[in-house]
Amino acid sequence: MMFRRPPVVLAGPAFVASVAYVDPGNVATNSVAGATSGYALAWVVIGAGLMAMPVQYVAAKVGIASGRSVPRSAKQVMSRPTRVFMWLQAEVVAMATDVAEFLGAAVGLQLLFGLGLLESGLITAAVSFGVLALQRRGHRPFEVGIVAFLAFIVVGVAFQLFSVGIDPGAAAAGLVPGLDDSTQLVLAVGIVGATVMPHAIYAHSALTAGRARGVGRGGRARLLGFQRTEVIVALSIAGLVNLSMLLVAAGVFSGSPVAEGVDGLEAAHAGLGQLAGGAVALAFAATLLASGLSSAAVGTYSGQVVMEGFVDVRLPLVVRRTVTMLPALVLLAIGTSPTTALVGSQVVLCFGIPFALYALMRVARDRTLLGEEAIGRPMTVVLGLISAIVISLNVVLIVDTIVG
């Protein structure tokens, strides 16, 4: 069968995956990095985005070439005990991911409307159920909804950037690699360590899995070429959003004593309001809310993909969403600091990244699954290097968090 669908009809999966790169954890990390280190870590943000591109492309390739998600493909090459272990650790990571994204959305609501955190959390829960309801109509409405959130985030961050202005010379100097002290090292580790998200790998492969059905080798080749382009475009946009977040914080807080107190989302919002005005602070809070809601929906979808793929269990998304958001609601109910919970969730998330990368490489190299589209030695080396860098930096982040 000839492959005749226009490329625009096939767009979406990479943009959905890119939401994981602009989640509340990224908002917090980029804001703190810009506030405390100015423009110095701009090169880290760019490097992190570049490392994500081959990972997400290979995830998309697995879906197109095999017709299955990474977890479902792994079922063909892993023993049941291994798959059960992969599922269990992925469930823990999914809950940690949901804590970060759910709390980010709740903090955004609190900053916008002055509500209590628990109230904001309950409203976030209700809204997130509405976002997930789009999946009942198929992948396309869900993708369109998530891309709309992403567009809102882009507009919100662009407004902040153009409102505060930046120092072009200092920003250009920040593109030159270098670390001045241990504080910048820890911040750089935080930026890179949060680059490759396990749920982005799983979700991306699932969203591309059915796209090559009924097409021949030529059709798959065209699909893969389009996905390569979409990954570059989508993750470039996400990278520019992350860079803009850092530039906004650097432009506002550089040289200000307020910068010393910026250690999380609430402090960044308060500082922006004090130094840049209410409109910028409002845009920050609205962007944070959109980031939390969209990334939480993608995380829940990914959790379903993991459960179905590794152990052949499917739960209604409403049930799954209820289970994964309970830890976040409990943390809000007992008064846990959102910043503390966010840092803790990122540490847990670090433990899941090596397993997601292992599953991806194990499947992508298997010619019995992917045939001629299996990755060769050059891409295997690239993914291996990225994995080594991300895992090493995550170890540094975990050690730093534990020892303080």
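Residues numbered from 1 in each chain as written. Predicted model: local features only at pLDDT ≥ 70, side-chain atom pairs only at ≥ 80, totals over all residues. Heavy atoms only, no water.

You'll find the chain entered in an unreviewed UniProt entry as Nramp family divalent metal transporter, with Actinomycetospora termitidis given as the organism. According to the UniProt record, the Subcellular location (unreviewed entry) comment for the chain reads "Membrane". (UniProt positions renumbered as here; feature names shortened; annotations may be inferred.)

Further remarks concern the layout of surface pockets. Counted as a void, the second largest pocket has a volume near 340 Å³. Surrounding the second largest pocket, 17 residues form its lining, His-139, Tyr-301, Val-305, Glu-308 and Arg-314 being those nearest its centre. Those elements giving two or more residues to the lining of the second largest pocket turn out to be helix H8 (139-164) and helix H14 (278-311). Per-element accounting of the lining of the second largest pocket gives the leading share, 4 residues, to H14. Taken together, the residues that form the lining of the second largest pocket break down as 6 nonpolar, 6 polar and 5 charged. (1 Å grid on protein atoms, 1.4 Å probe; cavity = no way out; pocket = protein on both sides within 12 Å on 5 of 7 lines; lining within 4 Å. Points joined across faces, edges and corners; volume = space filled by probe spheres on them. Helix = DSSP H or I, 4+ residues; strand = E, 2+ residues; numbered from the N terminus. Nonpolar A, V, L, I, M, F, W, Y, C, P; charged D, E, K, R; others polar.)

Our next topic: the side chain of Ser-73. Along the chain, Ser-73 turns up in helix H5 (residues 70-74). Discounting residues that sit within four places of it in the chain, Ser-73 has contacts with Val-62, Ser-66, Arg-68, Val-363 and Leu-369. (Contact = heavy atoms within 4.5 Å.)

This part covers the packing of aromatic side chains. Overall, the coordinates contain 3 aromatic pairs when judged by the stated rule. Between Phe-85 and Phe-355, the aromatic rings sit 5.3 Å apart at their centres with planes inclined by 75°, giving edge-to-face as the arrangement. Of this pair, Phe-85 sits in helix H6 (residues 80-113) while Phe-355 sits in helix H16 (residues 338-364); the two residues are 270 residues apart in sequence, bridging distant segments of the chain. By relative accessible area, Phe-85 is classed as partly exposed at 44%. Consider the rings of Tyr-202 and Phe-310, whose centres lie 6.2 Å apart with planes at 90°: the pair is edge-to-face. With Tyr-202 in helix H11 (residues 198-208) and Phe-310 in helix H14, this pair connects stretches of sequence that are 108 residues apart. Comparing Tyr-202 with Phe-310, the two get one shared label, buried. (Phe/Tyr/Trp six-rings, centres within 6.5 Å; stacked < 30°, edge-to-face > 60°. Buried < 20%, exposed > 50% of the residue type's maximum accessible area, 1.4 Å probe, protein only.)

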